Structure formats: structure tokens, C-alpha cells
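Listed below are the residues making up each chain.
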Amino acid sequence: MAALAELAVAPADLAELTAQMDRIVGFVAQLTALGDLSIGAAEPLGPRVTPLRDDVVTPADLGLGPSDLAPEFVDGFFVVPRLGAMEEP
Amino acid sequence: MTWETVIGLEVHVQLATRSKMFCGCSASFGDPPNTNVCPVCLGLPGALPVPNARAVRLAVRAALALDCSVQEESVFARKNYFYPDLPKGYQISQFDRPLAIRGRLVVESADRGAVAVSIQRLHLEEDAGKLLHDRFPGKTAIDLNRAGMPLAEIVSGPDLRSPAEARSYLTALKQILVYAGVSDCNMEMGSLRVDGNISVRRTGETTLGTKTEIKNLNSFANLERALTAERDRQQALLEKGGRVEQVTLLFNAASGDVRPMRSKEESHDYRYFDDPDLPPLVVGPVALQEIGAELPELPGAKQARLMSAYGLGAYDAGVLVSERPIADYFEAVCRAGADPKSAANWIINEGSPYPEPASLAELIGLVAGGTLSHQAAKRVYPELAPGSAPREVAERLGVLQVRDEAALRRWVDEVIAAHPGEVARYRAGEARLLAFLTGQVMKRSRGSADPKGVQAMLARQLEGS
Amino acid sequence: MSAREVALAVGARLGEADRAGLNATLAWSEAALLAEAERVDALPGQGPLHALPVAIKDNIVTTGLPTTCGSRILEGYRSPFDATVIRRLHAAGAFVACKTNLDEFAMGSSTEHSAFGRVLHPMDHARVPGGSSGGSAALVAAGVVPMALGSETGGSVRQPASFCGVVGVKPTYGRVSRYGLVAFGSSLDCVSVFARTVGDAARLLGVIAGPDPRDATTLSAPPITPHAPVRSLSGTTIGLPREYFPGDLDRGVRAACDAAIARLRELGATIVEVSLPHSALAVPAYYIIAPAEAAANLARFDGARYGARAPAGGDVRALYRATRGAGFGAEVRRRILVGTYVLSAGYYDTYYGHAQAVRRRIAGDFSHAFAGGVDFLFTPTAPTTAFKAGEKTGDPVAMYLADVFVCPASLAGLPAMSLPIGRSEGLPIGGQLIAPPLAEAGMLATAAALERVLDAGAEVR
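From a predicted model like this one, the values you see are computed outputs, not experimental measurements. (Residues numbered from 1 in each chain as written. Chains lettered and ligands numbered in written order. Predicted model: local features only at pLDDT ≥ 70, side-chain atom pairs only at ≥ 80, totals over all residues.)

Quick look at the sheet that holds strand E5 (residues 167–170) of chain C now. Residue and element names in this part refer to chain C. The sheet built from eleven strands is open, its strands ordered E1-E3-E2-E4-E6-E5-E10-E11-E9-E7-E8 with mixed pairing. The open sheet has two free edges, formed respectively by strand E1 (25–27) and strand E8 (270–274), since each of these has just one partner strand. Between one strand and the next, the sheet's axes are offset by a mean angle of 35°, whatever the strand orientation. Sheet analysis places strand E10 (residues 416–424) next to strand E11 (residues 427–434), joined by eight bridges and oriented antiparallel. Considered in E11, the bridge of Met 417 is made with Leu 433. Across the sheet, helix H4 (residues 134–141) lies against E1, strand E2 (53–57), strand E3 (95–100), strand E4 (147–152), E5 and strand E6 (190–195), angled at about 155° from E4, the strand it touches most. Relative to E10, helix H7 (residues 251–266) is tilted by about 115°, and along the sheet it contacts strand E7 (237–241), E8, strand E9 (376–380), E10 and E11. (Pairing = 2+ DSSP bridges. Helix = DSSP H or I, 4+ residues; strand = E, 2+ residues; numbered from the N terminus. Axes fitted to C-alpha atoms, helices over the stretch in contact; angles between N-to-C directions. Contact = placed C-beta atoms within 7 Å.)

Turning our attention to the domain arrangement of chain C. Accessible area lost during the coming together of the parts is what is often quoted as the interface size. Residues and elements named next belong to chain C. Along its sequence, chain C is carved into domain 1 (3–208) and domain 2 (237–282 + 350–453). Computed from C-alpha coordinates alone, the two centres of domain 1 and domain 2 are separated by 24 Å. Those elements giving two or more residues to the side of domain 1 that touches domain 2 turn out to be helix H5 (158–164), E5 and helix H6 (198–208). Take the side of domain 1 that touches domain 2: its biggest share by element is six residues, from H5. Looking at the side of domain 1 that touches domain 2, its residues break down into 16 nonpolar, 15 polar and seven charged. (Domains from an automatic or database assignment. Nonpolar A, V, L, I, M, F, W, Y, C, P; charged D, E, K, R; others polar.)

If you look at the interface, chain A gives 43 residues, while chain C gives 53 residues. Contributions of two or more residues to the side of chain A that touches chain C are made by helix H1 (11–28) and strand E2 (77–81) of chain A. In terms of residue count, the dominant contributor to the side of chain A that touches chain C is H1(A) (seven residues). Residues that form the side of chain A that touches chain C fall into these classes: 30 nonpolar, nine polar and four charged.

Contacts between the two partners involve 30 residues from chain A and, on the opposite side, 40 residues from chain B. When residues of the side of chain A that touches chain B are assigned to their parent elements, the largest contribution, five residues, is made by E2(A). By residue class, the composition of the side of chain A that touches chain B is 18 nonpolar, four polar and eight charged. Bridge analysis of E2(A) against strand E9 (residues 139–143) of chain B gives four bridges, and the strand direction is antiparallel. Each bridged residue has a counterpart across the sheet, and for A:Val79 the counterpart in E9(B) is B:Ala141.

The next point concerns the confidence of the model for chain C. A residue-level look at chain C finds 100% of positions with pLDDT of 70 or above and a mean pLDDT of 95. With pTM at 0.92, the complex prediction returns an ipTM value of 0.96. (pLDDT = per-residue confidence, 0-100.)

It is worth spelling out helix H10 (residues 357–368) of chain B at this point. Residues and elements named next belong to chain B. Counted at 1.5 Å a residue, the expected span for H10 with its twelve residues is 16 Å, and the 17 Å between its end C-alpha atoms agrees. Among all positions in H10, only Pro 357, Ser 359, Leu 360, Ala 361, Leu 363, Ile 364, Leu 366 and Val 367 are buried. Considering only its buried residues, H10 is in contact with helix H8 (324–335), helix H9 (340–350), helix H11 (374–380) and helix H12 (390–397). Phi turns positive, to about 90°, at Gly 370, one or two residues after H10. (Expected span 1.5 Å × (residues − 1). Buried ≥ 20, exposed ≤ 12 C-beta atoms within 10 Å, placed from the backbone.)

One finds B:Ala59, B:Ala62, B:Ala63, B:Leu122, C:Val54, C:Phe95 and C:Phe194 to be the most contacted residues of the largest nonpolar core, which totals 264 residues. Tallying contributions element by element places helix H8 (residues 282–297) of chain C first for this core, with twelve residues. Dropping the residues within four chain positions of it, B:Ala59 is found in contact with B:Leu15, B:Leu99, B:Leu122, B:Leu124 and B:Ala152. In terms of nonpolar packing, the next biggest core, distinct from the first, is built from 29 residues, B:Ala317, B:Val321, B:Tyr329 and B:Val333 among them. (Core = buried A, V, L, I, M, F, W, Y, C linked by C-beta atoms within 7 Å.)

Attention now goes to the sheet that holds strand E15 (residues 273–274) of chain B. Residue and element names in this part refer to chain B. Within the open sheet, the three strands sit side by side as E5-E4-E15. Their pairing is antiparallel. Two strands lie at the open edges of the sheet, namely strand E5 (90–94) and E15, each paired on one side alone. In terms of strand pairing, strand E4 (residues 76–80) meets E5 through five bridges, oriented antiparallel. Note that in E5 the partner of Phe 76 across the bridge is Gln 94.

So, about the environment of C:Ser132. Turning to its location among the elements, C:Ser132 is positioned in the loop between E3 and H4. Between the C-alpha atom of C:Ser132 and that of C:Ser156, which follows or precedes it by 24 residues, the distance is 4.9 Å.

Turning our eyes to something else, we now look at the environment of C:Val157. Mapping C:Val157 onto the fold places it in the loop between E4 and H5. It is 9.0 Å that separates the C-alpha atoms of C:Val157 and C:Val167, two residues lying ten residues apart in sequence.

Most peptide bonds take the trans form, and the phi angle of most residues other than glycine is negative. B:Ser352 connects to B:Pro353 through a cis peptide bond whose omega is 0°. Its place among the elements puts B:Pro353 in the loop between H9 and H10. Geometrically, the link from C:Gly131 to C:Ser132 is a cis peptide bond, its omega value of 10° lying close to zero. In this structure, B:Asn34 is a non-glycine residue whose phi angle is positive, near 55°. Mapping B:Asn34 onto the fold places it in the loop between strand E1 (3–14) and helix H1 (39–42). Its 22 C-beta neighbours within 10 Å are what place B:Asn34 among the buried residues. A positive phi is found at B:Asp67, a non-glycine position, where the angle reads about 65°.

Below is the structure:
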């Protein structure tokens, strides 16, 4: 799971973390003991229909731009290390 | 033992909008990197998506043009994965409730005639940014101008049976989408992208073989080459008794090979779930009807109508409808009085730049009436700038067909005098040299002489003595 | 007072709070306060919140001060845009006083999970103020600011309001724009308000509520206008859901609720018992849905485009893993892992699908109760008074159960609030009102009526 979530987990923490995960998943798993839940649906929250935006260009007009926010920004590009093990999806 | 190839194509087209799919950033191409960005498409904390009305409209148009069933309610879903060109760490797409399903596109196959290729689905999603791997050594450069651009993903069924058919399908798909004004479908600029799925099985088998996916093909020709190479590879492998592995491949245009791009253990778990930031997308019956009414006459229908209304053959009609402006031009030339078959010939053979419809119609009339020879008219055609009349241009070029006996006589005499050898041989019985001598007169007259008159005059002249 | 005087006074109180070690703030400065004062002075008229200092939970983005969400991964981050709620506060003439401490990315019920240290309960420094909006609650309770913005996903404003003895109000989901609220559980998140009185809370909520074209989940609803004071509740039916009054409920909490119920009766309200049978499933369902959405919402924090970046050799994957591994605290990492797990291949139906079905059932319970003639529900807000720091951090599930009474209304998207109804051993106790969708005005009026006749500071027996 940590790999899927791109989270580094130190080997020393693995055992405790796994135990905590077992505890949490065990707790939420009580839901799975229930039977059919398909009846009794309530009204959905929020709007029923997504509002749409007119196709108009509205510049962001930001006080801070990518170059101000980025840890590494060269010649107009965000810069990160090479792809390496991360293959194209 | 014969093999059958089974191909399906997944096509992404960039929709022709002014702004991005979920934010108001400009959709223009080619701007300096990271200048068309905002909190939403940068994935800044706190930003939220709001869908582009025109993108929805264009996607529905595409769906209707492809005979799909447009779903009144469809849902945006998050496709979760990590990659540097994906700012939020997920792509907003559609998963189990797409905008449209169950369409079809009829394609002309060289082997099988007209084939109805099924369109399994058409859905909306946002594009990712662009990565440059060679800009900074050992590093990856990211440009997010393209991140958030509106895409329609169109997935065909596994109905294509050859690489050539796949190419025909893509050509037909591009044609119909350009007609409908949905996208400019330009593969070089990236507004049309295609991935191919291909498998092979023994002829007669009903189950599908293991398929491989070929990604990021950048031209129609490479699509066909790559599919051919992979079909051959799979066939050879199976013939030796091997097994095809389900991998993703990249095509190397230089070598003509396909190679795996991902190890087989790592397949993506996208963990799709409905995007809680976006309530359902609703396209009601009134909107659907309005959008349907926006559709122009589509290529298939237009081709059939040109054939029946103007008496054109299938091939000529097909060439004329390959691009809507050309078909429209053809009809304008006919409306200006030209004979349809001549108009079709001129448009197909001479091409652009196209004269004004009235000018071309007039030119065709001049040839039909004998005022210009066909050859001379070909010289006039490229000179027909807007506002200039064909007859004036012909006069200026000095190619108005000359029938005047005296003028013809002068040229004929000159040619006879200049080619005594050929004259003698003709008189000796080499009848085909008449055509050569006629040609020489035509040359001398810069194409303006009436060829029939010239030929007759030469024949009479050379008869005597 | 002039805006400048307000700014200096707030600055002085913030300084005192810092010196007292409350640790309720993550960012404030006299320069920023004076800049706010200048801005307010330049406004043409006097808006409904003129020159009022409002503390802002640090998961709401502001251009004037950094936004960290209580996390190292956003240390030093300066948002280039203001949240919609901030722009509305500004338009109403209010000050942004400071950014307040919170459980990291709003994940927690005690504010012990902040990367920048826990917040102390103003009345007992050994105890927690509740969470995740603990910093905002503490500042209002300590009198540093009269009002504050917080956020709720599973009760993170009502619960600390109860612990700290202030008013906390969560609107109907979609009533207040989330544009600029750093997303945690997108289908649950609500910007919510703290104040010392129901009237102030109503005023603040009225200013920030309203549809926003930048947030596709906002509702078109009429503005929340403050009610004329209500003296009598005759004609109002208040439901008491039996599942919220278990036999082993803390005796102090029970006593405070009994007293409040008695006051409601005296005001003329009809009191009925109701049942919300799926209540016990709310916390487990929440701890599937919220982490799942959170795992996706937090995927953007990778050190590539903003925020902190861990030094890492190797490829981009190494950068992501190191940055996220170091930048996220333990609770956030747990939630991301749970969220990733419950959505992963083969588990969607078992967990996430099931939880959404349970959620619909819980919402159905409330609809049924309201359709049966109940105007509002009354319950305890929290099962206990403020617990001691460190008491629940050993077991994640124990911490989750602190939300047992506030979680269901979050899942159902209903407006809900807590107001102080008494003290037990000197510690505040909150009573909760839950209303049907879009019924904030009536809920607030009912709460105001109760507030008038209650002595919230009284020790209950």
C-alpha cells in the first residue's frame, strides 16, 4: 500500500504501522458483516447536476507564479529528477 | 494454418475549446511553458474543478456523429496514479458511467468492403502536462500548459482485422470529427493521439488471443507500421509454440520494431471512485436536440448525396468529401454554372490554390465553348487571383484559343519548315508523327492553338505535295 | 475602535496567548495585522463584520499569511490565492487575525497530530481542546478573538466547541464554498464557524455562506439571515435520538443534557424520543470514506511544484517517497494507507461501496425522523469532556470514537451545531442541535433561545 501511495516507510516502523492498520481495518470491517444495503437511499448531498462554466479564457492573475512556488524552476519549467523506475502509465 | 488479426483503437482527441476542461486557462498551443496555468490546473491546495460547457457540447456532438447513445446522466471519476505530468496525482476522467456508449463508424476496408466498427464508449477527461527528458541532463522538465486540456476518449471494439483497416478507421474518425468541428485532429500537434490493442488468433477461433497495447504512435503511417510489426511478431511467436505476454509496447520509427515499455509485474491499480468535487453531468433531451441540430451533413451522407445529385462516381465523391471545405467549394462551383463532372475533375486534379467558384465555373465554360483549350486553361487556373476574370487572364497570358485560319496557317508553316525530317517520315507513312507535329504547333502557339483545327490543317497541308 | 487600534489589540492578545504557551497559532504578525487594518480603513462603507478579527484555521488558504495545514510538507507555503470565504470576510470588513493550529490536514480529534506541537486547552493546559480545529476553538475560548473559522469533515468544529465551551456551527454541505479549503474528505468537508455567542456565529456564517461558481458542489440557497430573537419554542418539536443517550453516557454530560432538555421544555418545545438505528455504523463508515477521498486529495503533495521537498538521490519516485514519507505525520500516513487500501483492486465493493451504502442509510435515518414531525434533534456533542493529552494517542480507534455523536450529521451533510450547556468538574460540555438540510436559520434561532435561558458556565450535578 505504501508503494501505491508513494510513501516511504522505514523498515523499523513497518511492524507497528501494520499492527495499527490491522486495528483500523478490523474496526471498519464491521460494516462488511451487514447484509444487503441497497434499499432506503436518501437524497444526495449537494447539487444533483454539475454547473457548467462558459468557455471563456480568464487569466489566473496570480500574485505568485510557478517560479515563486516551485522548489526547483529553470527556464520556465518545473524540474524533478529523471523518471527512472517510474514508467509511463 | 491461417491467422486472424484483431485490432481495437483507443483514440484521444483534444476538443476545440478556448479554455481548459476544468478551469479558465487558455487552451492555446505553443505558448511559453507554464504560462497558461492557474491554481486548478496546477493542483494547488484548495483549488476545485468546474467543467467547461463547450467541451461537453463538443463531446456530445462527437458522440452523436458517431451514432452513440448519449447518457442523460454521466459521472466524473478520479483515476489515481503518480506521474510528474499529473499535478493532482489523479486525472479527472469518466469510468463506469461515461458520457456515451454503443456507437458505430462505417469504414471502407480494402479486404472486406464496408465494415461497421463499433464504438464502445466516448468519455470526457482532462489531459496531463508535458515532460521533457532531454532539457536538463539527468532530470525531467515539466510544462503544465497542457495539463487540464479537454479530451474526448473514443474506444472502438476489437472489430478491425488488419493494420490497414485500423488506419482507415482512424482516417474516417478524424474526418468525421473535423467535419463536426469537434477537434482539429492534428497528430503532429498532439490533438489526435492513438493507442492500438492487437491480438492474433487462428482463423475460425472465437476467443480472443492475448492482446498487447502499442502506445504513443505519432502518425497514421506509423500506426500501420507498428501494428504490422506487432502482428508479425505475435504470429511468429505463436507459430513457434510460444505465448504472447500482455505488455505495453512502444514503436521505434527508425528501426520499425516494437519493444516493451513496462515490466509485466507493474500494472496500474487506478482505484477509480466518483469525483466528490463534481456532481453528475446531465445532458437533457432539449440540449441533446440542440446539439444534434448543430451537426453538419456528415461525410457518408454528403458523399451519397453528391453521387446522386451530381452524378459523380464513388471515388470522385469520396475525394471531394475528404474535407468539408472542398465539398462545399465543389457545390459552389456547380451552383455557379459549371458542369459537375468537369468541376470535380478540375478540383481533384488541379488542387489548391482554388479559384473563386464563379471564376472556375467560367473557366470550365470557356473550355467547353472552345474559347480555351484544356491545356491553356490549366495555365490560366493558378493565375486566377480573386477579382480577376478568366478571359482577361487568358488574354494576358496570350492563350486564348486561336482558331483564326491565318494564325494557325502561320504556325503550321513554321513547324513544317522546322521539321523536314519528321515531315518526310510522315509522308512516308509514319502516321503517328502527326501528333508530334501537332504538339509542336501547340508549343509554338503557347498552347493557344485549337488542337483539332491544327491537326486537320497539318493533315491537309502535308497531304498535298 | 479604529481598525488600527483593533489590529494592535489583537496583536497584543495573540502575543499573550503565545507567551502562555497555548500554541494555538501557526502564523500571525503585527505587520500582517496592520496591513489588514489599512485594507479595512480603505473600504467605502462598514460591512456586517467591520473591523472584527477572525482567526482562520490553517487549512484555509490566505495570501497574507502562509498556509501549512499543520504539516511539514507545506512548511513555508504561501498560497497565491485567497479562499472564497476569506474574500467574503474581507468584503464584509473583517480582519484575518492569524492562522490557527490544527491536526495535520484536519485529520484528528484533539489537535495532538499537528506537526508543530499540540494546542493546550485554555482552561486546563494538560488537556486537549479537541480537534481538528483545536487552535481556532482555543483562541475563541481564551477571548483572543471573538470568532474563528474552522473546518469540519467528521465533527472537527462541533467537538472542539464542546470541549472549549464555545459555539461551533457546521452548515449544510454545499452551503459554504470549499474553494480554498485544502481538501481532506471532499464529500464531507465544510468550512464552519466558532464564536462565543450564537448570534455572532450566525452573523459570521451569514457572511461566508452562498453559492460560488468556483465550487461545483455549492448549493443555490437563500442567504442565511439572522433571526429576530425567539423567546418561545412552542410549536417546535425537538427529537432525542435514543442511540445518542446510551446508558453508560458520562454522568456529567448526561446531567448537562438533562438540564438543557428541561430548559427546552420550559420554552414550550415538544420533546419526543426518536431512533436513528444506523448511528453506530457512522464512525466505521466515515473512517472508510474520508481516508479514501483524502488519499486522493493528498496525492498532489509530492515536492514537485510547491511546498517542501526532501533531499533525495535517485529518480522522481525516490523524491516522491522521501518527501511524502518525511513530510506527512503518522496519522496522515495511516489515513492515506487506509484510504489507498479500501479503494484498491478487489476491495472497492467490500469497503468503499459498502460504506457509501451505509452512508445513504444514515442519511435516511435523519430524513425519516424529520419527516415524522421533528424540527430539530438534540444530543450531547461529545461523549466526554476534554480528555488529557496523550490519553488517546496510543490507539487510533479510541481517538476515532471521540467523534461518535458528531460524525453522523457530517455523513448526512446536515447543518449541526454545538453550544455550551454546562460544566462538569470545571470542564465545558456542549449540546448538539442537528437540523434538516438548509434549516440553519431555524436551528440558530432555537439555539439562541436556549442560550438565553441556560447558564453555560454552571457546574452540573
